[in-house]
Amino acid sequence: MTESNETILSLKNIKKTFGEHQVLKDISFDINKGEIATIIGPSGGGKSTTLRCINLLEEPTAGEVDFHGKNVLAPNYNRNIYRAKVGMVFQQFDLFENKNVLANCMVGQELVLKRSKDEARKIAMTNLKKVGMEQYVNARPSQLSGGQQQRVAIARAISMDPEILLFDEPTSALDPEMVGEVLSVMKNLATTGLTMIIVTHEMAFAKEISDQMFFISDGVITEQGTPDQLFNHPQNEKTVKFLSNFQNN
Amino acid sequence: MKSRYKWLAILVALFTCLSIATNFSLTEADAKKDDGTLKVAMEANYQPYNWTQTNNANGAVPIEGSKEFANGYDVKIAKIIGQKLHRKVEVVKTEWDGLLPALTSGKADLIIAGMSPTAEREKAINFSQPYRNSTFVVITKLNSRYANAKKLTDFKGAKLTAQQGTFHYDLIKQLKGAKRQPAMRDFAAMRQSLISGTIDGYVAEDTESTSFKMVDPDIKSIPVSKMAGFHATKDESVTAIGIAKPNKALLKSVNQILATIPEAKRTKLMTEAVKQQPKTDNNKKGKKAKSEPWLVSMWRQYGGMILNGIGMTLLLASVGTIVGFFIGLAVGIVRTIPTPTTTGKRWLLKFVNWLLSVYIEVFRGTPMMVQAAVIYYGIAQFWHLNIDRTVAALIIVSINTGAYLAEIIRGGIISTPEGQFEAASALGMTHNQRMWHIILPQAIKNCLPSITNEFIVNIKDTSVLSIISVSELFFVGSTIASQTFKFFPTYLTISAIYLALTFTITRIFNLIEKHLQGSKNYNLMANQVQVGTPKDMEANN
């Protein structure tokens, strides 16, 4: 958890409406290089939408997303290059069904980063080894368990050498016995100095790993701070109520 | 992954080559367009005026775009005209309803097809002086209760028919009380109907009865021309040569040539034709023919024709499906482009999408048979572009298949999970990269059963292209049936061939599908040996 004071990403007054429904009312926060940030909060509160607005899977209705001080929503900003630098791990893994494990980790490198086949393969293998999936390079996604697929998805994302890695509830779709293997991979990643923003319901994990935590509810950040501040001294009554549900965990 | 597609591609390529190879000599012949030839349109299926045979015996002339030959009274007349004009005669084999369009669109120079110069036809084309006078008969079975009819009213209650689009059919109205049945496509069908008893008789010319009697002595022809109250204009009781209206010079020389053929010579030619016309085996050859199974003798006589027909059907179906697939792919991709941000592009895309949906609606919403007729004859008539009929058929099947596959592929793209788009976007891929590397391979794989289905449909549905006289399997089948009068066995054989084709293709595609599907479980031990390159193995250790 090496943290510097260099702000790598900042969200400024992000708003997002779907039709009549305003999902994000006003979200602003800064993420420093090397920081591990987690977003928690009730379902439907806007956690995932916030994350999806960061890498532009959703187009914010208003506001700014600044990457190294430049607004990525500006018309002439190259979004594909930005997206390559901001990796994403999905709840449903979303491995490419038409490609095997190795190809899943190589295709982005070759097409977007224009790496040679050999280089891409080497990097993919290194990262598959990191997540303990090097034995499955020729397997197709449908042949793997959920936990294995998610580990491959992480290897795919880090093979792009991203500056920030986003996790959208990475363990929510997993059977309980597979949650551990994915969380331990994420913990290992956290030690490498990679900037990570994680939406999760795993409170113990969040408490252990986070430098900074955000509690998002009804489209606004109702509370933010260190894990100690949120878990031990919550100020907002929504936070108190939400966390009380996890007391027994 | 790649090797799988390679495998598929090789298979498809092989298949196409095979079917092209069988048709190669044929398309080559089509490519040679010699202006010196005199193109004569006829059914080549109306004995003794004209018929199809597999060799050039008795001075038969080649049929354009095939390895077959035509002969008959019409051909003999055509040859005299060709000789005088110093032009080589070539027959353009065309269905009866396609004769006039073939002439007006310039695909043929003359119609010599036992056609009468009716007033209606004279609106569209010019006719020469008659080259044969004929009398009308009603043909019935010897044991029919109408066999002894003496006057027009004696046919009361008889189920009578005649060839579709001929004035013979109108003549039935003069036989008071006769029940007029739906008109039939050709004489072969009428003969078969008469023998099987679905009709009591049909109206035709005397020559038809002469030639029918040669193959079946149990029929009787009752001349009606001389019966009291019977009326047929001179135009109707003669046959003449059709010539396109603008071609006045040709009309003049044809008339001059016809004037040099005396009546005696005409009768001689007709007698010759009646003698030379193809016969069913069991009639004349007697013992020898009977000892040989029908299938064997048919194969000996028509085997080459059938093989060519199979080749043509496979060529049409495979080229049609492959080209149609690419059309469908292109259309499917365009129709799923996300709405662009700039207004100009948005309107352009909207317009293109509108055009594409018109294309799909038109070609899915009309029968391929009609499309074939409209495109083949329409283009020739209005733009004076004479496309080769095989090329025309290929274009029609491809466009038609494209319209169906466009929707199938669009469905495949839409049904690919949203997560696949998102994961690709999150890696920074462009729209094109997402489509080509991630979405389309999955969409096409999911569409494979539907594409197979379309291929099977094409094998069968190309039979409707017989309307523009493409000699595919069905066209060959109907030619054989009408010459041998063995309707049931011929069509049974043809359907067995169709079934064998579709069955084989289904199996092949099932194998491909299975191959693409792979196994459900990943065997770690079995797959370990395949892990990457030696370099990777080093990295692992």
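About the criteria used
Residues numbered from 1 in each chain as written. Chains lettered and ligands numbered in written order. Predicted model: local features only at pLDDT ≥ 70, side-chain atom pairs only at ≥ 80, totals over all residues. Heavy atoms only, no water. Helix = DSSP H or I, 4+ residues; strand = E, 2+ residues; numbered from the N terminus. Buried < 20%, exposed > 50% of the residue type's maximum accessible area, 1.4 Å probe, protein only. Contact = heavy atoms within 4.5 Å. Areas by Shrake-Rupley, 256 points an atom, 1.4 Å probe, with all protein chains shown as cover. 1 Å grid on protein atoms, 1.4 Å probe; cavity = no way out; pocket = protein on both sides within 12 Å on 5 of 7 lines; lining within 4 Å. Points joined across faces, edges and corners; volume = space filled by probe spheres on them. Nonpolar A, V, L, I, M, F, W, Y, C, P; charged D, E, K, R; others polar. Pairing = 2+ DSSP bridges. Expected span 1.5 Å × (residues − 1). Arc of directions from axis to C-beta. pLDDT = per-residue confidence, 0-100. Patch = residues over 30% accessible without salt bridge, like charges linked within 9 Å, V, L, I, M, F, W, Y side chains within 5 Å. Salt bridge = Lys/Arg side-chain N within 4 Å of Asp/Glu carboxyl O. Axes fitted to C-alpha atoms, helices over the stretch in contact; angles between N-to-C directions. Left-handed = near helix turned anticlockwise from the far one by under 90°. Phe/Tyr/Trp six-rings, centres within 6.5 Å; stacked < 30°, edge-to-face > 60°. Lys NZ or Arg CZ within 6 Å of the ring centre and 35° of its normal. Core = buried A, V, L, I, M, F, W, Y, C linked by side-chain atoms within 4.5 Å. Parallel < 35°, antiparallel > 145°, perpendicular 65-115°, else oblique.

Across its full length, chain B carries 22 helices and 13 strands. The proportion of buried residues among the 541 residues of chain B is 51%. Taking all contacts inside chain B whose residues are at least 6 apart in sequence as the whole, residues at least 24 apart take part in 73%. For chain B, the accessible area works out to roughly 25,300 Å², and carbon and sulfur atoms hold 61% of it.

Let us now look at empty space enclosed by the protein. All names here are of chain B. By the definition in use, this model includes six cavities of 30 Å³ or more. Volume-wise, the largest cavity comes out at about 120 Å³. Around the largest cavity, the lining comprises 14 residues; the ones closest to its centre are Glu 64, Gly 65, Ser 66, Ser 469 and Ser 471. When its residues are assigned to classes, the lining of the largest cavity shows four nonpolar, five polar and five charged. Considering the residues around the second largest cavity, the lining is formed by Tyr 46, Trp 96, Gly 114, Met 115, Ser 116, Arg 121, Gln 163, Thr 166, Phe 167, His 168, Phe 187 and Glu 205.

This part covers the sheet that holds strand β3 (residues 61–62) of chain B. All names here are of chain B. Here we have three strands laid out as an open sheet, ordered β2-β4-β3, and antiparallel in their pairing. Here the strands that pair on one side only, and so sit at the sheet edges, are β2 (51–53) and β3. Examined bridge by bridge, β3 and strand β4 (residues 69–71) share two bridges and lie antiparallel to one another. The residue of β4 that forms the bridge with Pro 62 is Phe 69.

A few words on helix α10 (residues 263–276) of chain B. Quick reminder: α-helices carry 3.6 residues per turn. Residues three or four places apart thus point the same way. All names here are of chain B. End to end, α10 covers 20 Å across 14 residues, agreeing with the expected 20 Å (1.5 Å per residue, within 8%). Looking at α10, one finds that the buried residues are Arg 266, Leu 269, Met 270, Ala 273 and Val 274. Buried residues in α10, looked at end-on, bunch into an arc of 135 degrees, giving them a common side. More than 90 degrees from the buried face of α10, the exposed residues found are Ala 264, Lys 268 and Lys 275.

Turning next to the confidence of the model for chain B. Residues and elements named next belong to chain B. On average, residues of chain B score 82 in pLDDT, and 87% of them reach the 70 mark or higher. For residues 22–34, every residue scores under 50 in pLDDT, and the model assigns this stretch 17 contacts once sequence neighbours within four places are set aside. Throughout residues 281–290 the model reports pLDDT below 50, and contacts reaching past four residues in sequence, or to other chains, amount to ten contacts. Per the prediction output, this complex has pTM 0.68; the corresponding ipTM is 0.91.

Moving on, we come to a nonpolar patch on the surface. On the surface, Phe 351, Trp 354, Leu 355, Val 358 and Val 362 of chain B cluster together to form a nonpolar patch covering roughly 480 Å² of accessible area. Here Phe 351 of chain B is to be found in helix α14 (residues 343–365).

Attention shifts here to the packing of α14 of chain B against helix α16 (residues 389–415) of chain B. Residues and elements named next belong to chain B. Closest axis-to-axis distance for the α14/α16 pair is 9 Å, and the angle between their directions is 115 degrees. When you trace α14 past α16, the crossing you get is left-handed. The segment α14 lies against α16, with Tyr 359, Ile 360, Phe 363 and Arg 364 engaging Ile 399, Asn 400, Gly 402, Ala 403, Tyr 404, Ala 406 and Glu 407.

Before going further, it helps to spend a moment on the sheet that holds strand β6 (residues 110–111) of chain B. Residues and elements named next belong to chain B. On the basis of which strands lie adjacent, the open sheet formed by five strands has the order β5-β1-β6-β13-β7 and mixed pairing. Two strands lie at the open edges of the sheet, namely β5 (88–93) and β7 (125–133), each paired on one side alone. With six bridges connecting them, strand β1 (residues 37–42) and β5 associate as parallel partners. Residue pairing for β5: Lys 39 is matched across the bridge by Glu 90.

Moving on, we come to the packing of aromatic side chains. One pass over the full model with this rule turns up 17 aromatic pairs over all chains. Ring geometry for Tyr 77 of chain A versus Tyr 82 of chain A: centroids 6.2 Å apart, planes at 75 degrees, classification edge-to-face. Clustering of aromatic rings is evident, with ring pairs tying together Tyr 46, Tyr 49, Tyr 73, Tyr 131, Phe 187 and Tyr 202 of chain B. Its end group placed over the ring of Phe 231 of chain A, Lys 207 of chain A keeps NZ or CZ at 5.2 Å from the ring centre. Sitting above the plane of the Tyr 376 of chain B ring, Lys 107 of chain B keeps its charged end 3.8 Å from the centroid.

Right, let's get into the nonpolar core. When a protein is soluble and globular, its nonpolar side chains tend to lie buried together. Membership of the largest hydrophobic core comes to 62 residues, with the highest contact counts inside it found for Ile 77, Ile 81, Leu 110, Tyr 202 and Ile 241 of chain B. Here Tyr 202 of chain B is in contact with Val 137, Val 138, Ile 139, Leu 160, Thr 161, Phe 187, Met 190, Arg 191, Leu 194, Glu 208 and Phe 212 of chain B, once residues within four sequence places are set aside. Listed in part, the 55 residues of the second largest apolar core include Ile 31 and Cys 53 of chain A together with Leu 329 and Met 429 of chain B.

Residue and element names in this part refer to chain A. Here helix α3 (residues 101–111) crosses helix α4 (residues 117–130) at 130 degrees, and the two axes come no closer than 9 Å. Classified by the angle between their axes, α3 and α4 sit oblique to one another. When the axes of α3 and α4 are compared, the crossing they make is right-handed. When α3 is examined against α4, the residues Val 101, Leu 102, Cys 105, Met 106, Gln 109 and Glu 110 are found in contact with a partner set consisting of Lys 117, Glu 119, Ala 120, Arg 121, Ile 123, Ala 124, Met 125 and Leu 128. Class assignment for the residues of the contact of α3 with α4 results in nine nonpolar, one polar and four charged.

Turning next to the layout of surface pockets. Empty space among the atoms can be located by rolling a probe the size of a water molecule over them. By volume, the second largest pocket is sized at about 1,000 Å³. Along its surface, the second largest pocket is lined by 31 residues, and Arg 83 of chain A together with Pro 338, Thr 339, His 431 and Arg 434 of chain B are the ones closest to its centre. Listed by contribution, the elements that provide at least two residues to the lining of the second largest pocket are α2 (79–85) of chain A together with α16, α17 (418–426) and α18 (431–461) of chain B. If you tally residues by element for the lining of the second largest pocket, the top one is α17 of chain B, at four residues. By residue class, the composition of the lining of the second largest pocket is 14 nonpolar, nine polar and eight charged.

This paragraph deals with the environment of Thr 166 of chain B. Following the sequence through the fold, Thr 166 of chain B ends up in the loop between β9 (159–161) and α5 (168–171). Considering only alpha carbons, one finds Thr 166 of chain B and Ser 116 of chain B, 50 residues apart in sequence, at a separation of 8.3 Å.

In the structure shown here, the tally under the stated rule is 21 salt bridges over all chains. Taking the shortest distance from any N to any O, the salt bridge between Glu 58 of chain A and Arg 52 of chain A comes out at 3.2 Å. Relative accessible area serves as the criterion here: at 14%, Arg 52 of chain A is assigned to the buried category. The residue Asp 154 of chain B makes a salt bridge to Lys 151 of chain B at a minimum N-O spacing of 3.4 Å.

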